[in-house]
Amino acid sequence: MTDVEILRYAAFSEHESGGNPAGVVLAAAGLSDDEMLGIAADVGYSETAFRTEDRGDGVHRVRYFSPLAEVPFCGHATIGAAVALADRHGPGTYVFVTNAGEVPVGVDEHRRATLTSVGTRVADLPGDDLAALLGALRWAPEDLDAALPPRVAYAGAYHPIVAAATRERLAELDYDVPALKALMTDRGWTTVQLVWRESETRFDVRNPFPVGGVYEDPATGAAAAALGGYLRDLWLVPGDAVVEVSQGADMGRPGHLTVALTPGEAGVRVSGTAVPITG
């Protein structure tokens, strides 16, 4: 695998020191699952995107691996891979055929990309699951924002959404890694979307990701899309809202994601910039 070209992009940031770094392999047609998993582990980022097939007319088969497992969909690696393609072939729309479904991504000349997620859905978070989740997070029920009820949301992958009552609670991330990993593995959750609502359409978020071998994800496009679906489904924002999401500041890797809800669309649009990592 020494001849495999591995690109690195920082997604949801205009600076390579911010946002979420993603590995990108544009020529992965000959790689086995074990080889892709090994590359993702060596890269060490939360996810690496692998283009396993160019189907022509801008359609590409793409798979995503964390250091520990394949994931059905990853937003920041989608943004990074689409910008990598645009850097080589020019701005335009690229359609990624993922394990979760087709995801179109438009890229402009400024390396800003917008993905449209698969259709979103939201389900209740059972009381026993919520209690186990709060226990693993070391949160108390009074730490929650009663205006934003806990739910499990989907936009290509499943993410429980839990809202903190204060920014201080969000800042103090100190969870039980084995307990949270076991719970997430059992329930099929990809990350946990912890949010604090600054205003009607502005959120600070954090994303524990122990099932991927990463303590925290710096900027999570799939979870941002799931959050958009959650806000829309529960009528917590207007149906045509544009939601601004800040993530990664607590880790020293600030990033910014824009989530747009379009009436009549089943999916959610998530936008951000990606830049090559050269260092």
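What you are looking at is a predicted structure, and each value in this text was computed from that prediction instead of being measured.

Asks: With reference to specific residues and values, describe the overall build of the protein chain.
Replies: Across its full length, the protein chain holds 6 helices and 17 strands. The C-alpha radius of gyration of the protein chain comes to 17 Å, within 12% of the 19 Å expected for a compact globule of 279 residues. With the C-alpha coordinates aligned to their principal axes, the bounding extent of the protein chain is approximately 50 × 40 × 30 Å. Burial status across the protein chain gives 57% buried among its 279 residues. Long-range contacts, defined here as pairs at least 24 residues apart, represent 64% of the contacts in the protein chain between residues at least 6 apart. For the protein chain, the exposed area adds up to about 11,000 Å²; of that, 50% sits on carbon and sulfur atoms. Averaging the positions of the 21 positive and the 38 negative side-chain charges in the protein chain gives two centres separated by 1 Å.

Asks: Tell me about the packing of aromatic side chains, and name the residues and values.
Replies: Using the criterion set out here, one finds 4 aromatic pairs in the structure. For the ring pair Tyr154 and Tyr158, a centre distance of 4.7 Å and an interplane angle of 45° mean the geometry is tilted. Since its relative accessible area comes to 33%, Tyr158 is described here as partly exposed. Measuring from ring centre to ring centre gives 4.3 Å for Tyr175 and Tyr215, while their planes differ by 10°; the resulting arrangement is stacked. With a gap of 40 residues between them, Tyr175 in the loop between α4 (167–171) and α5 (177–187) and Tyr215 in strand β14 (residues 214–217) connect regions that are remote in the sequence. Classification of Tyr175 as buried rests on a relative accessible area of 3%. The side chain of Arg121 reaches across the aromatic face of Tyr154, ending 4.0 Å from its centre.

Asks: Describe the pairing of strand β17 (residues 269–276), naming the residues involved and giving the relevant values.
Replies: Summarising burial for β17: 6 of the 8 residues are buried, a large majority. Note: strand β1 (residues 7–11) against β17, 3 bridges, orientation antiparallel. Within β17, the residue paired with Ala10 across the bridge is Val275. Inspection of the sheet shows strand β8 (residues 112–116) paired to β17 by 5 bridges, in the antiparallel sense. Across the sheet, residue Arg112 finds its bridge partner in β17, namely Thr273. Bridge count for strand β16 (residues 255–260) against β17 is 3 bridges, and the pairing is antiparallel.

Cut-offs applied
- Residues numbered from 1 in each chain as written.
- Predicted model: local features only at pLDDT ≥ 70, side-chain atom pairs only at ≥ 80, totals over all residues.
- Heavy atoms only, no water.
- Helix = DSSP H or I, 4+ residues; strand = E, 2+ residues; numbered from the N terminus.
- Rg over C-alpha atoms; globule rule 2.2 N^0.38 Å.
- Buried < 20%, exposed > 50% of the residue type's maximum accessible area, 1.4 Å probe, protein only.
- Contact = heavy atoms within 4.5 Å.
- Areas by Shrake-Rupley, 256 points an atom, 1.4 Å probe, with all protein chains shown as cover.
- Lys, Arg positive; Asp, Glu negative; His and termini not counted.
- Charge placed at Lys NZ, Arg CZ, Asp CG, Glu CD.
- Phe/Tyr/Trp six-rings, centres within 6.5 Å; stacked < 30°, edge-to-face > 60°.
- Lys NZ or Arg CZ within 6 Å of the ring centre and 35° of its normal.
- Pairing = 2+ DSSP bridges.

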